[in-house]
Amino acid sequence: MTRTKEDDQVDASSVLVFYVNGKRIVDENVNPEWTLLVYLRNKLLLCGTKLGCGEGGCGACTVMVSKFDRTTQEVLHYPVNACLAPVCSMHGLAVTTVEGIGSTKTKLHPVQERIAKAHGTQCGFCTPGIVMSMYTLLRNHGKPKMEDLDVAFQGNLCRCTGYRPIIDGYKTFTEEWEVMQAANGMTNGKTNGLNGCGMGDKCCKLQNSNAITNGINGVHKTKDEVGKLFETSTFVPYDSSQEPIFPPELKLNDAYDKTSLVFKGENVTWYRPKTIEELLQLTQQNPGAKIIGGNTEVGVEVKFKAQLYPVYIKHTSVVELNQIVINSDNIRIGSAVTLDVIESTFKNLIATRPEWETRICNAVVEMLHWFAGKQIRCVATIGGNIMTGSPISDLNPIWIAIGARLHLRSIAGNRTVLMDNHFYTGYRKNIVNSDEILEAIEIPFTRRNQYVFANKQSRRRDDDIAIVNSALNLILSESPDNKIEDINMAFGGMAPTTIAVKKIKQLIGQKFDEKMLETAYQLLLDDLPFPENVPGGMISYRRSLAISFFFRSYLNISKQLNVSIDPKNLSALNKFTSKPPKSSQYFQVFEKEQVTDTIGRPIVHTNAMNQATGEAIYIDDVPIFEKELHLALIFSKKSHARILNVDISKALAAPHVVNFILPEDIPDDRQACGLMGDEILVRSDLVTSQYQVLGGILATNQLAAKQAVNLVQVTYEELKPVVTMDQAIEENCFYPPEAKLCFGNVTDAMPKCKNTISGEARTGYQEHFYLEPHAYLAIPREADEMEIYACSQDQTGLSEVVAKLLGVDQNKVIVKVKRIGGGFGGKETTGRKLALYVALAAKKTKRPVRLVLERDEDMGYTGGRNPVMFKYKLGFDDDGRIHAAEVDMFVNAGYSADVSLAVASVGITHVTNSTNIPNIRVIGKVCKTNLPTNTAMRAFVNAQTNFGAEAMLRDVAEYLNKDYVEIARLNLYKEGDLTIYNQPLVDCNVRRCFEEVLVNSDFNNRKKAVDKFNKENRWKKRGIDVATTTYGIGFGNDALQQAGALILIYKDGSVLLTHGGVEMGQGLHTKMIQVASKMLNIPIEKIHTTEASSDKVPNTTATVASMSSDLNGMAVRDACIKINNRLEPIKAKNPKGTWEEWIMAAYNQRISLSATGFHREPPVNWDWTTNTGDKMFNYFSFGAAVTEVEIDCLTGDHQLLRTDIVMDLGNSLNPAIDIGQIEGAFMIGYGLFVREEMVTLQDGTYLSKGPGAYKIPCFGDIPIEFNVALLKDSSNPRAVFSSKTTGEPPLCLATSTFFSIREAIKAARKDAGVTENFRMQAPATPERIRMACQDHLTKKVEPVKSTWNIEYI
Ligand SMILES: Cc1cc2nc3c(=O)[nH]c(=O)nc-3n(C[C@H](O)[C@H](O)[C@H](O)COP(=O)(O)OP(=O)(O)OC[C@H]3O[C@@H](n4cnc5c(N)ncnc54)[C@H](O)[C@@H]3O)c2cc1C
Ligand code: FES
Ligand code: FES
């Protein structure tokens, strides 16, 4: 029970007391298993804090925790992942959530207001977490620097925005912004004529003279408006004195820190001792008790590895464990000191002590920058990191290399041990006895001739665990001798534990110079062998990293020694540090046709304010219904197996479990599900993929349901799986029919071509990674009615399949979708299946049932973007004009067909992208494998086909040794050309986009600069490249190309607008309101949209394929026309009347004030067999992008330096939303082609199950300069108000990131004397980049094919 009375008597031994948003919480019966997040959401009903992953990897759950430091007498604020923080650890602390800083009912806090107004929120699921990271930063630094922003957001992810708008909004808080404003004599951007840029004269747009003088992208001004995406002058100034005060009680009452605590729950007891003696006693009395610091490791184990620890001992209140003592020759750090405190202490030491003495501190501080995100570093303890003993711990290599000493303590006594190869005895095991605790670590200061250097390489620089890390500790004799007196080197990621390499000691006595390097490499490689099946795979890469790190350490120390080194080699030391981001957005602003006309204006997303304050409601936020049950699904753990037995008896006996679903709950004739009816709802005898559903357990709370599912025992007989496309081809496993398209006559044309080449291109799997996992709530109503709140892109599809399963008419199943936290295609057909389980369970139990997938379940169950392989033969002339092509396209579908047949058929139409190939034969085959079934994803298959087409063009250019731009230009579509499906290209703007982006980006000059850079630098290389997209918009299917809308006007003149589309962050509701506002000539504030609902607009098409604003916009328009026609006589009678007066008059005259709207596209009438018809697509979107990138040839790391995009959107309905869509889509594309890799085992098991292992692009990944221009003077007669769709096409332009990386690799290979062409498949992971940059180091490492990870699926 929660009491909040001020005068509650505090029984500090068993009563939890803390503050939330200034309110005192007293809980006498706290459940110690609960995280702070569960407590906030379930007990305090503060649902603004979101659950995105539950593993500290996405930041959606970020809150601010404040505590009073009695030593410094200061209040400290730090960001915390509420999903990992145990609620018991909040005793005596103050928690601030997004609800605590502002609200739409009162006043928004500036951090909420600015992210909303700067268009930094789309689906909004990440927004509260980002708001709270920024808020915490502001509470600590009233005027932060840009670099502080970088650090603050290391632990936050957003899948929608592409981050740029968030940074743009928040940079207005920074010191740099203020300085620029002051320097330019501007206040709040009022005199800043260019897009509100606070950089004034230094604005990148002004520096990029081409962009200004070419007249193409200059912002067009009307009499009264300047083209700005947002107006900083409307921002409420930030005044830190207005912040709420820290609860005085927590300052005054030190009992909160000093009292011992014990909280007893059903399964777990939690202790918080106050003295070290008490801690040791508890440890001895409770063998197997879990000591916890920040719980960042234990929290993940408990949640995802189903670990249950009956006793926790939280040791962080023990004073001795929290101290850092600076001795004359060492630093002693208590084991409970957090990484954040270590970082600031070490920075202080570096600033105040001699340089040589703090080289160790330098190495640690540099490493900590890349250690997790700020939220983790603020709570994670050094002791937790050491005791976990992860083989990829970032700090352990440094401690081992430097010879740190560990002080261990128990009731029996104290001992000190050296951190060396004897400390870790196996994977996550060490020599510390179970009754011992780690008290402190002692780190020696470095000596004058001692050098310490650490390295880390991960999949993503920010917030990622290492692939390999290392530390070198070197002691040299006096210069200039520089003889090695001692050398220690330790590695992470090279063995089951962090290890010190031994053979390297043989270098002792040798001079530390270039000659020593060869011996060092050999010694390292001898010491670091790998078996073929080593977990983690990447054998050759990891070994080459080990020696590359040594080489880099050598260069670094040589530089410190002032030893002369080839200046070209110095580039190995240049780091990819964060630089202040620049950006520009160009769009046309047209004259308003009427005062209320907002079409073409950057109107803020209608939900932005709700999202920024945490008031926006997602399914998991809907308050719990009476008698509600939670469903947890039983998933198959095998990819291909016979099910011998499913035993749920233990699960049913577990507390709070009330029911279950099994195959027998479903009539035989309703077991089939899935888009093509080839899936089985609940499996009973055979599983053909991991994560197929075997049943479900229903309990009165979510935790109990999930825990009970872990008790279900399934016995399997494993069968051989087919996993990859290559295996499917070999085994002839395909879904019929194959898709085929012939255009021209390739049989005749190919032999006539002067040159022919064959090639292959592949793209990998991509996870949708919307921030909100799938969630459904089914409520049985009277007379067989079922109401479903769904996290779905397809309310009609859901009601259709649920009605069939329940055996009722579709009018009895009402599906409502308020909003979804991102969809990207992953909530289309997948949602239909998941809704069936809640509906089934609700019917069976006659109680409301909710299902919320965990992130790992979501990633495992839902599938993602199909991996695609192209095998091609091209015929072309000496100029590079392609005359003939034969292309076989393979699609990895997974265990069911789902949309993969459509992927193949749409794919074959787009296989040439923007290239005019007059003779082509293309076949699309869909491979059937034992993987989770893949499904639609943003830019459907065009992303993959654009990649294939770009690869083909480059093959031609490289074969002929010609400039790629020349070849692309020669083959580019032009007005009137026929596509390969015989559709003439009308208003074909791809050439304009291509030429303009080359000009805007100053491509030619920058290419020369890139060449110069590459000549001068050996280990960093740059690449610049251009890519295009020609994207057919339409379903190619008549039935799907229709939409409806419903307008209801109330007597007060307010309008409720409903249409067929789902709001998932893309701003659809905002655009539809803009359309209605213009049509009805009323302000947008008068119009409201609540949700998409199957009882308002029937038979809708799923919100997919970028078609929703086109289709629904026309339907809205149609409904408005009907209303306008009815109002016309009234207006004619009273032309000066107001809207409200006209509506009242209409009511009084009994004129209907509701109207439905309908739209259907002209027919497609396509005949695939003859490749003829009216048209395949409604129209085309065009775009082009130039990207420049820099790679680190030694590690495979990279940084996007600049991207310029020109996108043809016709007349944009809302440039802010559209530019947001372009940037967001581009970053997802970058993820697909470069960043994201699903690690898959040979048996078809996915290993990447959350943000910890699957790395989507983060804040630090965006191009340092990101310029987006909407093509000027383009219109589109085939969509509402001449607009064009934006959601998907820009994603394809991210091929430019991949191919610019490839250009950089080519430069590296050239330096190394490697001349032959090379093939690299997407994604361009660090491993692929490094191994493609062949050089003297990679040559020392024999290529080994790992049997662990499947490289290509
Ligand atoms: C999102 C995320 C990102 C991460 N990124 C990184 C990264 O980049 N690099 C990296 O190296 N690690 C990373 N980690 C791992 C983890 O954060 C660190 O290992 C962290 O330092 C653990 O500290 P903690 O206090 O949270 O440990 P806890 O989870 O509290 O404890 C971990 C283990 O240590 C034991 N323990 C703790 N203190 C003591 C003690 N004094 N005596 C005896 N046993 C003790 C506990 O019993 C437990 O077994 C990451 C984790 C997450 C969730
Ligand atoms: S939900 Fe906590 S970090 Fe993702
Ligand atoms: S707005 Fe950030 S995840 Fe959707």
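Residues numbered from 1 in each chain as written. Chains lettered and ligands numbered in written order. Predicted model: local features only at pLDDT ≥ 70, side-chain atom pairs only at ≥ 80, totals over all residues. Heavy atoms only, no water.

**Points about the overall build of the protein**
Here is the rule: Numbering of helices and strands starts at the N terminus; helices are DSSP runs of H or I of at least 4 residues and strands are runs of E of at least 2. Computation of the radius of gyration draws on C-alpha atoms, with the globule rule given as 2.2 Å multiplied by the number of residues to the power 0.38. Buried residues are those whose accessible area, probed at 1.4 Å on protein chains only, stays under 20% of the maximum for their type, while exposed residues exceed 50% and partly exposed ones sit between those limits. The contact criterion used is simple: two residues touch if any of their non-hydrogen atoms lie within 4.5 Å. Residue-level accessible areas treat just the shown protein chains as cover; the underlying method is Shrake-Rupley with a 1.4 Å probe.
Of regular secondary structure, the protein possesses 39 helices and 50 strands. Against the globule reference of 34 Å for 1353 residues, the protein gives a C-alpha radius of gyration of 31 Å, in line with a compact fold. Taking the principal axes of its C-alpha atoms as reference, the protein extends roughly 95 × 80 × 75 Å. Relative to its 1353 residues, the protein shows a buried fraction of 65%. Look at the contacts in the protein between residues 6 or more apart in sequence, and 77% of them connect residues 24 or more apart. About 47,000 Å² of surface is accessible on the protein, with carbon and sulfur atoms providing 51% of the total.

**Regarding the sheet that holds strand S41 (residues 1042-1049)**
Threshold: When DSSP finds at least two bridges between two strands, those strands are taken to pair. Every axis corresponds to a line fitted to the C-alpha atoms, with the helix fit spanning only the stretch in contact, and the corresponding angles, defined between N-to-C directions, vary from 0 to 180 degrees.
If you trace the four strands from one edge of the open sheet to the other, you get S43-S42-S41-S45, paired in mixed fashion. The open sheet has two edge strands with one neighbour each: strand S43 (1087-1088) and strand S45 (1154-1160). As paired strands, strand S42 (residues 1055-1059) and S43 are joined by two bridges and run parallel to one another. Considered in S43, the bridge of Leu1056 is made with His1088. Across the sheet, helix H33 (residues 1068-1080) touches S42 and S43, and the angle it forms with S42 is around 125 degrees.

**Notes on the site of ligand 1**
Keep this limit in mind: Any residue with a non-hydrogen atom lying within 4 Å of a molecule or strand is treated as near it. Two N or O atoms count as a polar contact when they lie within 3.5 Å, although within protein this holds only if one can serve as hydrogen donor and the other as acceptor, and sequence-adjacent residues are included solely when both atoms are side-chain atoms. Note on residue categories: nonpolar means Ala, Val, Leu, Ile, Met, Phe, Trp, Tyr, Cys or Pro, charged means Asp, Glu, Lys or Arg, and polar means any other residue, Gly included.
In the vicinity of ligand 1, 32 residues are found, and the nearest of them are Ile291, Gly293, Gly294, Thr296 and Thr381. A distance of 2.6 Å is found between an oxygen atom of ligand 1 and a side-chain nitrogen or oxygen belonging to Thr296. Asn385 is positioned with one of its side-chain polar atoms (N or O) 2.9 Å from an oxygen atom of ligand 1. Counting only elements with at least two residues in the shell around ligand 1, the list comes to strand S9 (290-292), helix H16 (382-388) and strand S17 (437-444). Among the elements that line the shell around ligand 1, the one with the most residues is H16, at five residues. Across the shell around ligand 1, the residue classes tally to 12 nonpolar, 13 polar and seven charged.

**Section: the sheet that holds strand S19 (residues 466-476)**
Strand order in the open sheet formed by four strands is S18-S19-S20-S21, with antiparallel pairing between adjacent strands. Each edge of the open sheet carries a strand with a single partner, namely strand S18 (450-458) and strand S21 (499-501). Shown here is a sheet whose adjacent strand axes are inclined to one another by a mean of 20 degrees, direction ignored. Where helix H14 (residues 359-369) meets the sheet, its contacts fall on S18 and S19, and the angle it forms with S18 comes to roughly 10 degrees.

**Points about the packing of helix H29 (residues 942-960) against helix H38 (residues 1295-1311)**
Operational definition: Roughly parallel means an angle under 35 degrees; roughly antiparallel means over 145; roughly perpendicular covers 65 to 115; every other angle is labelled oblique. Crossings are classed by handedness, with left-handed meaning an anticlockwise turn of the near helix from the far one by less than a right angle and right-handed meaning a clockwise turn.
Contact geometry of H29 with H38 gives a least axis separation of 10 Å together with a crossing angle of 30 degrees. When the axis of H29 is compared with that of H38, the two are roughly parallel. Crossing geometry of H29 relative to H38 is assigned as right-handed. Counted together, Asn946, Phe947, Glu950, Ala951, Arg954 and Glu958 of H29 and Thr1295, Phe1298, Phe1299, Arg1302, Glu1303 and Lys1306 of H38 form the full contact between these two elements. When the residues that make up the contact of H29 with H38 are grouped by side-chain class, the tally is four nonpolar, two polar and six charged.

**So, unusual backbone geometry**
Looking along the chain, the bond that leaves Pro736 and enters Pro737 is cis, with omega of -5 degrees. Within the secondary structure, Pro737 sits in strand S31 (residues 734-743). A cis amide bond links Ala1322 with the next residue in sequence, Pro1323, at an omega value of 0 degrees. Note on placement: Pro1323 falls in the loop between H38 and helix H39 (1326-1332). Although it is not a glycine, Phe1281 adopts a positive phi angle of roughly 45 degrees. By the secondary structure assignment, Phe1281 is in the loop between strand S50 (1265-1270) and helix H37 (1289-1292).

**Here we look at helix H32 (residues 1003-1016)**
We apply this condition: One fewer than the residue count of a helix, multiplied by 1.5 Å, yields its expected span. The directions from the helix axis to the C-beta atoms form the arc being described.
With 14 residues, H32 extends 20 Å between its outermost C-alpha atoms, agreeing within 8% with the 20 Å of an ideal straight helix rising 1.5 Å per residue. Phe1003, Arg1006, Val1010, Phe1013 and Asn1014 are the residues of H32 that are buried. Down the axis, H32 shows its buried residues gathered within 95 degrees of arc, on one side only. Those residues of H32 that are exposed and aimed more than 90 degrees away from the buried face are Asn1004, Lys1008, Lys1012 and Lys1015.

**Here we look at the packing of aromatic side chains**
Put simply, the rule is: Two aromatic rings from Phe, Tyr or Trp, using only the six-membered ring of Trp, form a pair when their centres are within 6.5 Å; if the ring planes differ by under 30 degrees the pair is stacked, by over 60 it is edge-to-face, and anything between is tilted. The criterion is that NZ of a Lys, or CZ of an Arg, lies within 6 Å of the ring centre and within 35 degrees of the ring normal, and then a charge sits over that ring.
Under the counting rule described, the total for this entry stands at 29 aromatic pairs. A centroid spacing of 5.7 Å and a plane angle of 15 degrees characterise the contact between Phe230 and Phe235, whose relative ring orientation is stacked. Since its relative accessible area comes to 5%, Phe235 is described here as buried. One aromatic cluster is present, built from ring pairs that chain together Phe153, Tyr163, Tyr170, Phe173, Tyr238 and Phe1259. The aromatic ring of Phe769 is capped on one face by Arg855, whose charged end is 4.4 Å from the ring centroid.

**Regarding the environment of Ile1219**
For Ile1219, the position within the fold is in helix H36 (residues 1215-1235). For the pair Ile1219 and Tyr586, spaced 633 residues apart in sequence, the C-alpha separation works out to 9.0 Å. With residues up to four places along the chain from it excluded, the contact list for Ile1219 reads Arg164, Leu229, Gln585, Tyr586, Phe587, Val1268 and Leu1270.

**Quick notes on the nonpolar core**
The test is simple: For the purposes of this section, nonpolar cores are sets of buried Ala, Val, Leu, Ile, Met, Phe, Trp, Tyr and Cys residues that join through side-chain atoms within 4.5 Å.
In terms of nonpolar packing, the biggest core is built from 258 residues, with Tyr170 and Phe550 touching the most fellow members. Not counting chain neighbours up to four residues away, the residues in contact with Phe550 comprise Leu472, Ile487, Met489, Ile504, Leu507, Met516, Leu517, Ala520, Tyr521 and Leu524. Counting 76 residues, the second-largest nonpolar core is a separate cluster that includes Cys83, Ile292, Ile342 and Ile360.

**Here's the deal with the packing of H29 against helix H30 (residues 964-971)**
Taken N-terminus to C-terminus, the directions of H29 and H30 make an angle of 120 degrees; their axes are 9 Å apart at the nearest point. Viewed along their axes, H29 and H30 adopt a mutual orientation that is oblique. Where H29 crosses over H30, the handedness of that crossing is right-handed. Residues Glu950, Leu953, Arg954, Val956, Ala957 and Leu960 of H29 pack against Tyr964, Ile967, Ala968 and Asn971 of H30.

**Re the side chain of Thr121**
Locating Thr121 in the fold gives a position in the loop between helix H2 (110-117) and helix H3 (127-140). Separated by 2.8 Å, the side chains of Thr121 and Thr127 make a polar contact. Here Gln611 takes part through its side chain, which lies 2.6 Å from a polar atom of the side chain of Thr121. With near-sequence residues (within four places) excluded, Thr121 lies in contact with Ile115, Ala116, Thr127, Thr161, His605, Ala608 and Gln611.

These figures come from the coordinates and say nothing about function on their own.
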